[in-house]
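Structural features, examined
If you want the building blocks of each chain, they are given just below.
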Amino acid sequence: MTIQKLLIANRGEIAVRIIRAARELGIRTVQVHSEADADSLAVKMADEAVNIGPAQVSKSYLNVDAILQAAKETGADAVHPGYGFFSENADFADAVVAAGMCFVGPSGDTIRLMGDKVAARKAAMAADVPTVPGSDGRIDDMIAARKVVEEIGFPVMIKAAAGGGGRGIRVVASLEEFDQQAPQASAEAKAAFGDGGLYIEKMIGRARHIEVQILGDGERVVHCHDRECSLQRRRQKVWEEAPSSSLRDDVRTDLCAAAVKLARAVNYSGAGTVEFLYDDETHEFYFIEMNTRIQVEHTVTEAITGIDLVREMLRIADGQPLRMSQEDIQVRGHAIEVRINAEDPAQNFMPFPGLVANLTLPGGPGVRFDGMIYPGYAIPPYYDSLLGKLIVWDTDREAAINRLHRALGELEIEGVKTTKPLFQALANDEDVRMGRVNTRWLELWLEKNAAKLQ
Amino acid sequence: MSTKQILSPLPGIFYRKPSPDEPNYKNEGDTVAEGDVIGLVEVMKSFHEVKSDASGTLSAFLVENEGAVQAGQSLAEVDG
């Protein structure tokens, strides 16, 4: 390994995850942190820690100069951006490389290409990967846009070209709504992402969210099979599985092949995820976007393949070629991850930053908890609410759901309200057990059932 | 005449405006009625309106835009 010292430009559970992978490879770790994270688990675990600014994200985790300065002072030779924050910021990737370090991820140019959701759509089309029917590129003027929208048929999604991750999306059901909302969407996108460009996609009614994990070394690409993340609240995933229980085998083969084709077309280096919508009635799938970073739910893929994805990211960043062939990657069993957030599901998921009084983590075979909490930890209110991920593996989906239920019963996080009751209820739900879900299912279920969650 | 403190209901980051390119909800010297929104507190990426529980003149903001706040911290003063 040429990388000796890795700076983790992130926080929370993913920072802990990265530290663990680095430690196993004999790489020393530097954890940069805001003042509010001085007592975080990642800071405690890392070999070194550098305070890079006050609580506000813009002054710390999104402070390029402070991060690069910390890297220089500690002699770090690589930076892992985690997910969110700078992980898909091409300028940051370029700055890390310009400072003489390895960026653990693809090149700035690849990030730039896939970060522009319109350019990514075009790259997919060029690679013969099916895309959601929609505008060819950005909608430049409202007149042309109206024509596209009328051709596609309502409802239609207006999406921010610089968006992604479920952000910057509006659904409109008529031309009147489109006329009203498109300019608003553009202004919002400009304010949030610095780019007011929009594109249009047909709204696929009953879709499932299926994604494919890929690994590339700049020359070869392999896929690590699929995940299904259809259970979402406000476009954020809460329950993810591998493999998908709804994909027909021949469709799975085509879907994974399409993901590999796209990644190869852009000479992808690192870990990435190609996301699709899947219509389980017509068995058609459509590319929506590619995420050029590690994802929260990478864990379920690790469980079914035995591959340590963060370890592979570090190896690839180190300049090593992929160690496995496609045939080497086998799927065994079924895995489920649920995101334990500091939110009160009975109070419309009101955030609940608090003091973790006592903590009991589940154990036993096939149970994993990737968290950032410990007894006595005061959860800061300035960042996202993810406390940890509970991941279970078992020989088949039904067994995995039973194991999830068992493990949730053992999980106790005292002093904080969490989304644990949501998952206990979902694990008992008939539709969930039968796999009869789609990307709108959870929101509808919550309308009926949220008040019962305690 | 009395001065009432408007307290933050939650910990997080305090914003004076609905979004970066819109004007402040209220400025110092403005008249404020009970129930008027004077700012937002962002907690774990969700936004909550802070409403005045007094009527009068908003005499001072004690926390600047994007300032970090604790639950119960004074955000502004209203002279009524």
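Here we summarise the structure given alongside this text. Along every chain, residues carry numbers that run from 1 in the direction the sequence is written. In the order they appear in the text, chains get letters beginning with A and ligands get numbers beginning with 1. Where totals are concerned, whole chains, interfaces and linings use all residues; where local detail is concerned, this predicted model gives features only for residues with pLDDT of at least 70, and gives and counts side-chain atom pairs only at 80 or more.

Examining unusual backbone geometry
If a residue is not glycine, its phi is most likely negative; likewise, a peptide bond is most likely trans. Residue and element names in this part refer to chain A. In plain terms, the rule: Put simply, DSSP marks the helices as runs of H or I at least four residues long and the strands as runs of E at least two long, and each gets a number from the N terminus on. Working definition of burial: number of other C-beta atoms within 10 Å of the residue's own, with buried at 20 or more, exposed at 12 or fewer, and partly exposed in between, all C-beta atoms being placed from the backbone.
Cis geometry is found at the peptide bond from F154 to P155, where omega equals -5°. Tracing the chain through its elements places P155 in the loop between α7 (142-152) and β6 (156-164). A cis amide bond links A242 to the next residue, P243, at an omega of -15°. Along the chain, P243 turns up in the loop between β11 (236-242) and α9 (249-265). You will see that R234, though not glycine, has its phi angle at about 50°, which is positive. Turning to its location among the elements, R234 is positioned in the loop between β10 (221-233) and β11. A residue is classified by how many C-beta atoms lie within 10 Å of it, and R234, with 11 of them, is exposed.

Topic: the environment of A:V96
All names here are of chain A. Filter applied, for reference: Two residues qualify as a contact pair if the distance between their C-beta atoms, derived from the backbone, is within 7 Å.
Mapped onto the elements of the fold, V96 is located in helix α4 (residues 90-98). Here the alpha-carbon distance between V96 and Q326, two residues 230 residues apart in the chain, equals 31 Å. Each residue touching V96, except ones within four places of it in the same chain, is listed here: V79, M101 and F103.

Remarks on the interface of chain B and chain A
Counted only if it meets this: Three classes are used: nonpolar for Ala, Val, Leu, Ile, Met, Phe, Trp, Tyr, Cys and Pro, charged for Asp, Glu, Lys and Arg, and polar for all others, with Gly counted as polar.
Every contact between the two is made by 12 residues of chain B and, on the other side, 12 residues of chain A. When grouped by side-chain class, the residues that make up the side of chain B that touches chain A number six nonpolar, three polar and three charged.

Comments concerning the nonpolar core
All names here are of chain A. For clarity, the threshold we go by: Put simply, a nonpolar core is buried Ala, Val, Leu, Ile, Met, Phe, Trp, Tyr and Cys residues tied into one set by C-beta atoms within 7 Å. Start and end positions for the domains come from either an automated domain assignment or a database one.
Formed by 144 residues in total, the largest nonpolar core has its most connected members in L7, I8, V79, I214, A259, F276 and A335. Built from parts of two domains, this core gets at least three residues from each of domain 1 (5-104) and domain 3 (207-452). Excluding its chain neighbours within four sequence positions, the residues that come into contact with I8 are A15, I18, I19, T29, V30, Q31, V32, A42, H80 and G82.

As for the sheet that holds strand β8 (residues 198-202) of chain A
Residue and element names in this part refer to chain A. Under the convention used in this document: At least two bridges found by DSSP between two strands is the condition for calling them paired. Simply put, an axis is a line fit to the C-alpha atoms, just over the touching stretch for a helix, and the angle between two N-to-C directions goes from 0 to 180 degrees.
Here three strands make up an open sheet; going across it, the order is β7-β6-β8 and the pairing antiparallel. Of all the strands in the sheet, the pair left with one neighbour each is β7 (167-172) and β8. The average undirected angle you get between the axes of adjacent strands in this sheet is 25°. One ladder, built from five bridges, connects β6 with β8; its direction is antiparallel. In the strand pairing of β8, A160 is matched with L198. Across the sheet, α7 lies against β6 and β8, angled at about 10° from β8, the strand it touches most.

A look at the environment of A:I379
All names here are of chain A. As for its position among the elements, I379 is in the loop between β18 (367-371) and β19 (386-394). With 23 C-beta atoms counted inside 10 Å, the residue I379 sits in the buried group. For the pair formed by I379 and Y286, sequence separation is 93 residues and the distance between their alpha carbons is 39 Å. If we ignore the near neighbours within four places in the chain, the residues touching I379 are A342, P353, G354, V356 and V416.

Some thoughts on the sheet that holds strand β1 (residues 3-7) of chain B
All names here are of chain B. Read across the sheet, four strands follow the order β1-β8-β6-β3 without closing on themselves; strand pairing throughout is antiparallel. Bordering the open sheet on either side are β1 and β3 (31-32), each of which pairs with just one other strand. Sheet analysis places β3 next to strand β6 (residues 56-61), joined by two bridges and oriented antiparallel. Pairing of T31 across the sheet is with T57, part of β6.

Regarding helix α13 (residues 420-428) of chain A
In an α-helix, one turn spans 3.6 residues, which is why side chains three or four residues apart end up on the same side. Residue and element names in this part refer to chain A. This is how it is decided: The directions considered for the arc are those from the helix axis to the C-beta atoms.
Every buried residue belonging to α13 is among K420, L422, F423, L426 and A427, and all of these are buried. Buried residues of α13, seen end-on, are gathered within an arc of 155° and therefore sit on one face of the element. Looking at the buried residues of α13, the elements they touch are β11, β14 (334-341), α12 (397-410) and α14 (430-434).

What about the packing of helix α1 (residues 12-24) of chain A against helix α11 (residues 309-317) of chain A?
All names here are of chain A. Heads up, the condition is: Roughly parallel means an angle under 35 degrees; roughly antiparallel means over 145; roughly perpendicular covers 65 to 115; every other angle is labelled oblique. In this scheme the crossing of two helices becomes right-handed for a clockwise turn of the near helix relative to the far one and left-handed for an anticlockwise turn of less than a right angle.
Two elements in contact, α1 and α11, have axes separated by 9 Å at closest approach and are oriented at 60°. The angle between the axes of α1 and α11 places the two elements in the oblique class. For the pair α1 and α11, the crossing hand works out as right-handed. Between α1 and α11, the residues in contact are R17, I18, A21, A22 and E24 and V310, R311 and L314, respectively. Here the contact of α1 with α11 is built from residues that sort into five nonpolar, no polar and three charged.

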